[in-house]
Amino acid sequence: MFDVQFANKEYLYLLLMIPVLAVGFLYYSHRRRKALKAIGNLKTLKALSPENSTARPILRMVLALVALSLLIVAVARPRVGSQLKETTSEGNEIMILLDISNSMRATDMYPNRLENTKNAISNLVRKLSTDRVGLIIFAGSAFVQVPMTTDLKATDIFIQSVTCDMISEQGTALGAALNLAVKSFNFDDNLSKAIILVSDGENHEPTPDPIQIAKDCNAKGIAVHTIGVGDVRGVPIPIREASKDFIKDRAGNIVISKLDETTLQKIAQAGGGIYVKASNSNSGLSTVYSEISKMKKGEIVQFAEYDEKFVLPAVLSLIFFVAACFVLKRKNRWIRRTGIFEQSQSNL
């Protein structure tokens, strides 16, 4: 038996549209027939318009629905069986912690702190071609955006999709982000591990203590590097991107966001890593990458490889779409003149 799986199985939910479209077409046909009855006798109307066909629209709709169904299956990427790819590479496990609190909207970096940082992280991920990389985003709480993976192209896509609106609970919980990163590592392998914390350092959640967690990371062999983004002098925070309105506190004063280098330096020191201040010309990630490159690399076994089968439904979908395009609403005059169907009916 074939073990059929779908790489993008969430797209299969689109198949629910097919019966809805079919019901919609039947309802439209019913309303049209009812409207024609109101005009006059159906047999008389058919005699007056011999080229009109009732079967052809139905056939065209069926062909179109089959084509759409096959296209959805193709997009869901069916694949059969699996074979373990025995190739290995040397690398490490690196978890990137990205601050997406409202303060990352500040424009003391171009175009703002978050967008500047995202581009820099993408450049770093491209360099980590043989490593396993994960991404945690955090504000008042933290969650894993990308689990540890060797699929760095997918990781880059998720990085570029990150916005400050992805977490409703505002604040900056450095300790929660570090704690979640520790839980995301696999300690059963022989890979060296590192955390890269990118933030403006304004910690609004005293517990869990990020410095203590960094010490625990160091004790477990996890290096914690920190990168500070923003200006130590402080800048106002736009309410949204490119907005001239700024976030205010309860007293009506404009909130100023400052880079807290002291906290980030203490976390890096406790975690056995380095602290780097980012700027428009230097993201600091190149310096951190140099440190990570010095780590002892372990052996990473590659993922399972599947036999992709999306081509067949894609080709069949195209064939059915083309066939639907050639089915006209009216009967073909040339075929009617040949009398093929009339002869067939007379022989019955």
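Caption draft 1: How the structure looks around the side chain of N112. In this structure, N112 sits in the loop between β4 (93–99) and α4 (113–127). Among the polar contacts listed, one links the side chain of N112 to the backbone nitrogen of L114, at a separation of 3.1 Å. For N112, the residues in contact, after removing those within four places along its chain, are M104, R105, A106, T107 and E241.

Caption draft 2: A look at the packing of aromatic side chains. With the rule as written, the count across this model stands at one aromatic pair. Judged by centre distance (6.4 Å) and plane angle (65 degrees), the rings of F185 and F187 are edge-to-face. Under the relative-accessibility criterion, F185 is labelled buried at 6%. Directly above the aromatic system of F187 lies the positively charged group of K193, at a separation of 5.7 Å from the ring centroid.

Caption draft 3: View of the side chain of R105. Relative to the helices and strands, R105 resides in the loop between β4 and α4. Taking the relative accessible area as the measure of exposure, R105 reaches 13% and is therefore buried. Within polar-contact distance, the side chain of R105 engages the side chain of D165 at 2.7 Å.

Caption draft 4: Examining empty space enclosed by the protein more closely. A full pass over the atoms with the stated rule returns one cavity of 30 Å³ or more. There is about 40 Å³ of room inside the largest cavity. If you go around the largest cavity, the residues you meet are M109, N116, T117, A120, V198, I227, V229, A278, S283 and L285. The biggest single contributor to the lining of the largest cavity is α4, with three residues. Grouping the constituent residues of the lining of the largest cavity by class yields seven nonpolar, three polar and no charged.

Caption draft 5: The sheet that holds strand β6 (residues 142–149), seen in detail. Taken in spatial order, the six strands of this open sheet run β6-β5-β4-β7-β8-β11, and their pairing is mixed. The two strands at the open ends of the sheet, each matched to only one other strand, are β6 and β11 (272–277). Averaged over neighbouring strand pairs, the angle between their axes works out to 15 degrees when direction is ignored. Relative to strand β8 (residues 222–228), strand β7 (residues 193–199) runs parallel, the two being bridged by seven bridges. If you follow I196 over to β8, its bridge partner there is H225. Sitting on the sheet, helix α7 (residues 210–219) touches β7, β8 and β11, and the angle it makes with β8 is about 140 degrees.

Thresholds, definitions, all that
- Residues numbered from 1 in each chain as written.
- Predicted model: local features only at pLDDT ≥ 70, side-chain atom pairs only at ≥ 80, totals over all residues.
- Heavy atoms only, no water.
- Helix = DSSP H or I, 4+ residues; strand = E, 2+ residues; numbered from the N terminus.
- Polar contact = N/O pair within 3.5 Å; in protein donor to acceptor, adjacent residues only side chain to side chain.
- Contact = heavy atoms within 4.5 Å.
- Phe/Tyr/Trp six-rings, centres within 6.5 Å; stacked < 30°, edge-to-face > 60°.
- Buried < 20%, exposed > 50% of the residue type's maximum accessible area, 1.4 Å probe, protein only.
- Lys NZ or Arg CZ within 6 Å of the ring centre and 35° of its normal.
- 1 Å grid on protein atoms, 1.4 Å probe; cavity = no way out; pocket = protein on both sides within 12 Å on 5 of 7 lines; lining within 4 Å.
- Points joined across faces, edges and corners; volume = space filled by probe spheres on them.
- Nonpolar A, V, L, I, M, F, W, Y, C, P; charged D, E, K, R; others polar.
- Pairing = 2+ DSSP bridges.
- Axes fitted to C-alpha atoms, helices over the stretch in contact; angles between N-to-C directions.

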